[in-house]
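A look at the structure
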Amino acid sequence: MKQQSDEGATAPAVEDGRSSRWARHRAQRRLELIRTARAAVDELGPQASMEEIASACSTSKSVYYRYFGDKAGLQRAVGEYTVTRMRDRLRDAARAAGTFEGTVEAMVAEYLLSIERSPAVYRFVVGAVPEPGRGERHRHDRRTRTGRQEEAGERPDGAGGAAGGAQRYLIQEFTDAVAALLAEAHVRHSPAEHCLPEPMLSYWAASTIGMVRGAGEAWMGTPAGTERPSRQRMTELILGWAVHGLRPAGDPGAPADPDPDPDHRGPGG
């Protein structure tokens, strides 16, 4: 009887071990498919079909459908992988900077590098269909948030989450996270008396990130045959607009002093 009892006790552990190994195998295979699909999109362009992607990855289209459901599911998976890597690089760049202006410059430079390096992947991700039920809002306190997102847990392959709330684009979640990093930098580098209060801090961070993204995408989309500034020059231009204001240099209406009121200092402190 004892032997039967012992065998009965160990059976679930054996089954759990098999399930765990299978889950790890599927997760590893899924990550491999995401990486190869990303490389294929980089080569083929953002309009690549599932069949083209699968062919470039030397596998069958049915494998991608089994793991991701459809092209929208693959876009979301590639998007999550891509924007997480971009966000982490921006976070590291921001936290390595010693000044507010240095933080903005480092983040802008890293963003432009990312979209210049893989413009097709960026467009593929931006064009991702919103996931039904995706509603993560990133509503952490701007003064204490770290820019890190907690993962909501693994979902079935190709299936939408059920977190509730409005549908969200991955790129919007990315810009929200980057806006939080920018707000954090403002608080870290500004004297307490010059820190913007909420909700003004959120407004300012969102408007700045919107400008940087808009300028970066316009730069990336410069028509063929049109001279385009280098990435370094574009970084300098965007930094100037973000830190000193959007009035074009040389505008006759521009004030001689970009900050004439010392008691009304900008977000950089």
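Quantities reported herein were computed from a predicted structural model and do not represent experimental measurements.

Conventions used here
Residues numbered from 1 in each chain as written. Predicted model: local features only at pLDDT ≥ 70, side-chain atom pairs only at ≥ 80, totals over all residues. Heavy atoms only, no water. Helix = DSSP H or I, 4+ residues; strand = E, 2+ residues; numbered from the N terminus. Buried < 20%, exposed > 50% of the residue type's maximum accessible area, 1.4 Å probe, protein only. Areas by Shrake-Rupley, 256 points an atom, 1.4 Å probe, with all protein chains shown as cover. Contact = heavy atoms within 4.5 Å. pLDDT = per-residue confidence, 0-100. Axes fitted to C-alpha atoms, helices over the stretch in contact; angles between N-to-C directions. Left-handed = near helix turned anticlockwise from the far one by under 90°. Nonpolar A, V, L, I, M, F, W, Y, C, P; charged D, E, K, R; others polar. Phe/Tyr/Trp six-rings, centres within 6.5 Å; stacked < 30°, edge-to-face > 60°. 1 Å grid on protein atoms, 1.4 Å probe; cavity = no way out; pocket = protein on both sides within 12 Å on 5 of 7 lines; lining within 4 Å. Points joined across faces, edges and corners; volume = space filled by probe spheres on them.

Observations concerning the overall build of the protein
Within the protein, the secondary structure is distributed over nine helices and zero strands. Seen in sequence order, the protein has helices and strands lined up from the N terminus as α-α-α-α-α-α-α-α-α. By residue count, 36% of the 269 residues in the protein fall in the buried class. In the form shown here, the protein has an accessible surface area of approximately 15200 Å², with 51% of it arising from carbon and sulfur atoms.

Section: the environment of V41
With respect to the helices and strands, the residue V41 is situated in helix α1 (residues 2-44). Residues V41 and Y122 lie 81 residues apart in sequence; the distance between their C-alpha atoms is 9.6 Å. The contact partners of V41, leaving out residues within four places of it in the chain, are P46, I53, A120, V121 and F124.

Topic: the confidence of the model for the protein
Looking at the protein, the pLDDT average stands at 77 and 70% of residues meet or exceed 70. Looking at the elements of the protein, mean pLDDT is at its lowest for α1, recorded as 78, and at its highest for helix α2 (residues 50-56), recorded as 94. This model gives residues 133-167 a pLDDT under 50, and the stretch forms 77 contacts once residues within four places in sequence are excluded. Every residue in residues 254-265 scores below 50 in pLDDT, and together they form five contacts with partners more than four places removed in sequence or on other chains.

Things to note about the packing of helix α5 (residues 100-117) against helix α8 (residues 200-220)
The interhelical angle for the contact between α5 and α8, taken along N-to-C directions, is 35°, at an axis separation of 10 Å. Taken as a pair, α5 and α8 cross one another with a handedness that is right-handed. On α8, the residues touching F100, V108, Y111, L112, I115 and E116 of α5 are W204, V212, R213, G216, E217, W219 and M220. For the contact of α5 with α8, the class distribution of residues is nine nonpolar, one polar and three charged.

A closer look at the packing of aromatic side chains
Under the defined criterion, the tally for this structure stands at four aromatic pairs. Between Y64 and F68 the ring centres are 5.9 Å apart and the planes differ by 25°, which places this aromatic pair in the stacked class. Taken together, the positions of Y64 and F68, both in helix α3 (residues 61-68) and four residues apart, correspond to about one turn of that helix. Considered together, Y64 and F68 belong to a single accessibility category, that of buried residues.

What about the environment of S118?
Of note, S118 is situated in the loop between α5 and α6 (119-126). Here the alpha-carbon distance between S118 and E43, two residues 75 residues apart in the chain, equals 9.3 Å. Aside from chain neighbours lying at most four places away, what touches S118 is R38 and D42.

Focus on empty space enclosed by the protein
Taken as a whole, this structure holds two cavities of 30 Å³ or more when the rule is applied. In this structure, the largest cavity encloses a volume near 160 Å³. Around the largest cavity, the lining comprises 15 residues; the ones closest to its centre are M107, Y111, V178, I209 and V212. Elements supplying a minimum of two residues to the lining of the largest cavity: α5, α7 (170-189) and α8. A per-class count over the lining of the largest cavity returns 12 nonpolar, two polar and one charged.

Examining unusual backbone geometry
At the junction of E198 and P199, the peptide bond is cis and its omega measures out at 5° in the coordinates. With respect to the secondary-structure elements, P199 resides in the loop between α7 and α8. Of note, the phi angle at S58 is positive, near 55°, even though the residue is not glycine. Turning to its location among the elements, S58 is positioned in the loop between α2 and α3. Overall, S58 belongs to the exposed group, its relative accessible area being 69%.

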